[in-house]
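Descriptive analysis of the structure
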Amino acid sequence: MANKRLKRGAIVVISAIIMVWIVSFFSPELAIRRHIFLHLRPIQSLTADITDKERHDLQHGHLYEVIGYTDPVTRDDLGVFYLRKHWMFWTVASVGTGN
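Residues numbered from 1 in each chain as written. Predicted model: local features only at pLDDT ≥ 70, side-chain atom pairs only at ≥ 80, totals over all residues. Heavy atoms only, no water.

Description of the pattern of salt bridges
In this structure the tally under the stated criterion is 2 salt bridges. For Glu29, the salt bridge is made with Arg33, and the minimal N-O distance between the two is 3.6 Å. Residue Glu29 and its partner Arg33 are located together in helix H2 (residues 28-38), separated by 4 residues, close to a single helical turn. Look at Glu29 and you get partly exposed, because its relative accessible area is 37%. When the shortest N-O distance is used, the salt bridge between Lys53 and Glu65 registers 3.5 Å. Placement of Lys53 in strand S1 (residues 49-57) and of Glu65 in strand S2 (residues 61-67) is noted, with a sequence separation of 12 residues between them. Accessibility expressed as a relative area gives 30% for Glu65, which makes it partly exposed. (Salt bridge = Lys/Arg side-chain N within 4 Å of Asp/Glu carboxyl O. Helix = DSSP H or I, 4+ residues; strand = E, 2+ residues; numbered from the N terminus. Buried < 20%, exposed > 50% of the residue type's maximum accessible area, 1.4 Å probe, protein only.)

Structure below.
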């Protein structure tokens, strides 16, 4: 009985993680948070302040400013994100300091 309950719970958790992963491609803000989370900064992925700068560069994509995300090695603030939209899915094209 407990084994069945544990198995069912694991399936629910895995399904929820997959759904959050899929949903994160539909929003530029969630795409940025996914990128930060996957670079092993889970707290910063939740607390970072994201601002759409309403600029589009043909080479790089849509510009977003992110306050509160730092490189773990250099401790530089990585506040410039360029995102690309592919049909209705958002992906991070590049990340940098803006210098």
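The discussion continues.
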